[in-house]
Amino acid sequence: MQQESSSVGPASEAKASAQPEGAEDALAGNGAETAEEGPAAFPESELLVGEPQAGREDDGVEVDAVVDALLYDLEERERLGWSQGVDPASLMAAEERDVEDVLIFLVEDVAMSFVTEKCRAVSEDLTSCAAQMAPARPVTAAQLNTISLFVQLMVSGTSEGKVNAAGMLSRMAEDARLCAPLVEQGALPPLVALLGGREGGGSDAAKALRHLAEGGASLREALAKAEAIPALVRALAGAGDDTGRKRAHAAGALMVLAEDGSLRNRIAEAGGVTALVRLLASEPAGRADAAHALMWLGSDNHILRHEMVQAGSAAALARLLQEGSPEEQACAAGALRSLTRNKEGCDAVVQAGAICWLIVLLEVGTDCGKLNAAQALLGLASVHGFEQRLAEAGIIYPM
């Protein structure tokens, strides 16, 4: 939900004017405060869901009403809180207790088919509130309990439950504060296992691993120990219902991991160089991240540069320079820059016909693209035997 100062966003205005059907019974009077009553009338939140009833046959309808009521209640109390000066931190603490209760209800008492959209809606609402109201708050017990619930689903849930749980863990991993708790609660093994499945969820698993890799060196090492690197490499050529998105997120995760010099050899040993080059030639999604990963892999290791040359990276990168988006062109120029650090790489760059496209990028590319193109051309000029070729291309004047 969108919230600015004391104003009410469009979503809040809509819900304030028309309470969802079934919300009154679920809330049992919660949210009945008025502006005249002031902060003193703002109660602590109570459990929104009653005791589960055995043998329910209308779980879906009841879940819809409960979650709609929850979202309505959160928006109403947020609106009242801002207008009445209620402490945002106290408000968020109450909301997180509500969310935990509803998630537990959904996970324990309702068929997993209802969890997908409803839990996502609750997560989006809570994430939005947290970002606006208390961005620096520490991790709470409610958040830790929620992580534990979805990790358990990843381990022992149905196929559908695992896919849904992966989506939730992916969203949680977007919050840097939750990355370490996710790893500590055991999220890595089931996420890695889901990467190789064909039933879906691989894209969310790869996306979650990328966010976790961005959490620092210790988390990247934890990913390596959990065998995430070979799983991500396999995902670049894997199958499944979400293949394109899975490959793109896997390339992004490998790009982040390749920034860590201690992990570059592990990526290469898992076949990452060849897989990334193949992605450049076969998959439109993820090409910028794949080229960026190759830039890191070849930046300081002549053995990996040799492997890049043998895999045909120069030709694939030259095509990306010609056909790619501005971001993809900039990343391709960066990878070519890494290749030009030795003569073998320079030979490959020239044979691929990349010089003319580097010149074009130098003139019309983004700032990053221009810089990478200039450095690649400088690398070519610094290698004996290439001055004449650059002079013929109009880049430098012959001595």
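Residues numbered from 1 in each chain as written. Predicted model: local features only at pLDDT ≥ 70, side-chain atom pairs only at ≥ 80, totals over all residues. Heavy atoms only, no water.

Caption draft 1: Representation of the overall build of the protein. Scanning the protein from terminus to terminus reveals 23 helices and 0 strands. Relative to its full complement of 399 residues, the protein shows a buried share of 53%. When contacts within the protein are restricted to residue pairs at least 6 apart in sequence, those whose partners lie at least 24 apart make up 72%. About 17,700 Å² of surface is accessible on the protein, with carbon and sulfur atoms providing 51% of the total. (Helix = DSSP H or I, 4+ residues; strand = E, 2+ residues; numbered from the N terminus. Buried < 20%, exposed > 50% of the residue type's maximum accessible area, 1.4 Å probe, protein only. Contact = heavy atoms within 4.5 Å. Areas by Shrake-Rupley, 256 points an atom, 1.4 Å probe, with all protein chains shown as cover.)

Caption draft 2: Fine view of helix α19 (residues 326–339). Taking 1.5 Å per residue, 14 residues should reach 20 Å; α19 reaches 20 Å between its end C-alpha atoms and fits that length. Residues Glu-328, Gln-329, Ala-330, Cys-331, Ala-332, Ala-333, Gly-334, Ala-335, Leu-336, Arg-337, Ser-338 and Leu-339 constitute the buried set of α19. Where the residues of α19 are buried, they touch α16 (287–297), α17 (302–310), α18 (313–323), α20 (343–351), α21 (354–364) and α22 (367–382). (Expected span 1.5 Å × (residues − 1).)

Caption draft 3: The arrangement of the packing of α16 against α19 in detail. Where α16 contacts α19, the two axes come as close as 8 Å, and the packing angle between them is 20°. Classed by the angle they form, the pair α16 and α19 counts as roughly parallel. The hand of the α16/α19 crossing is left-handed. Along its contact with α16, which presents Arg-287, Ala-288, Ala-291, His-292, Leu-294 and Met-295, the element α19 presents Glu-327, Glu-328, Cys-331, Ala-332, Gly-334, Ala-335, Arg-337 and Ser-338. Of the residues that constitute the contact of α16 with α19, the class distribution is 7 nonpolar, 3 polar and 4 charged. (Axes fitted to C-alpha atoms, helices over the stretch in contact; angles between N-to-C directions. Parallel < 35°, antiparallel > 145°, perpendicular 65-115°, else oblique. Left-handed = near helix turned anticlockwise from the far one by under 90°. Nonpolar A, V, L, I, M, F, W, Y, C, P; charged D, E, K, R; others polar.)

Caption draft 4: Broad picture of the nonpolar core. In terms of nonpolar packing, the biggest core is built from 90 residues, with Leu-169, Leu-191, Leu-209, Leu-212, Leu-232, Leu-257 and Leu-294 touching the most fellow members. A per-element tally of this core places helix α13 (residues 243–258) first, with 8 residues. Setting aside residues up to four positions removed in sequence, Leu-294 forms contacts with Val-273, Leu-276, Val-277, Leu-280, Met-308 and Ala-335. (Core = buried A, V, L, I, M, F, W, Y, C linked by side-chain atoms within 4.5 Å.)

Caption draft 5: Inspection of the pattern of salt bridges at higher detail. The tally for this structure, following the rule as stated, stands at 9 salt bridges. Between Arg-264 and Asp-300 there is a salt bridge, with its nearest N and O atoms 3.0 Å apart. In this pair, Arg-264 is assigned in helix α14 (residues 264–269) and Asp-300 in the loop between α16 and α17, connecting sequence segments 36 residues apart. On the basis of relative accessibility, which here comes to 7%, the residue Arg-264 falls in the buried class. The class for Asp-300 is exposed, based on a relative accessible area of 54%. A single network of salt bridges, built from pairs that share partners, joins Arg-210, Glu-214 and Asp-289. (Salt bridge = Lys/Arg side-chain N within 4 Å of Asp/Glu carboxyl O.)

Caption draft 6: Spatial organisation of helix α7 (residues 159–173). Taking 1.5 Å per residue, 15 residues should reach 21 Å; α7 reaches 21 Å between its end C-alpha atoms and fits that length. Of the residues making up α7, those classed as buried are Gly-161, Asn-164, Ala-165, Ala-166, Gly-167, Met-168, Leu-169, Ser-170, Met-172 and Ala-173.

Caption draft 7: Representation of unusual backbone geometry within the structure. Look at Glu-227: it is not a glycine, yet its phi comes out positive at around 65°. Positionally, Glu-227 belongs in the loop between α11 (217–225) and α12 (228–235). Its relative accessible area of 46% is what places Glu-227 among the partly exposed residues.

Caption draft 8: Structural view of the environment of Ala-311. Following the sequence through the fold, Ala-311 ends up in the loop between α17 and α18. Of the residues examined, Ala-311 reaches a relative accessible area of 26% and is grouped as partly exposed. With near-sequence residues (within four places) excluded, Ala-311 lies in contact with Val-273, Thr-274 and Val-277.

Caption draft 9: View of the packing of α17 against α19. Two elements in contact, α17 and α19, have axes separated by 10 Å at closest approach and are oriented at 120°. With respect to α19, the axis of α17 lies oblique. Counted together, Arg-305, Met-308 and Val-309 of α17 and Ala-335, Ser-338 and Leu-339 of α19 form the full contact between these two elements. Looking at the contact of α17 with α19 residue by residue, the classes come out as 4 nonpolar, 1 polar and 1 charged.

Caption draft 10: Representation of the state of the cysteines in the model. Enumeration over the complete set of coordinates arrives at 0 disulfides. Left unpaired, Cys-368 is separated from the closest cysteine sulfur, that of Cys-331, by 6.7 Å. Residue classification places Cys-368 among the partly exposed residues on the basis of a relative accessible area of 44%. (Disulfide = S-S within 2.5 Å.)

Caption draft 11: Structural context of the environment of Gln-329. Mapping Gln-329 onto the fold places it in helix α19. Looking at Gln-329, the relative accessible area reads 17%, which means it is buried. For the pair Gln-329 and Ala-318, spaced 11 residues apart in the sequence, the C-alpha separation amounts to 9.0 Å. Residues within four places of Gln-329 in sequence aside, it is in contact with Leu-320, Leu-321, Gln-322, Gly-324 and Leu-361.

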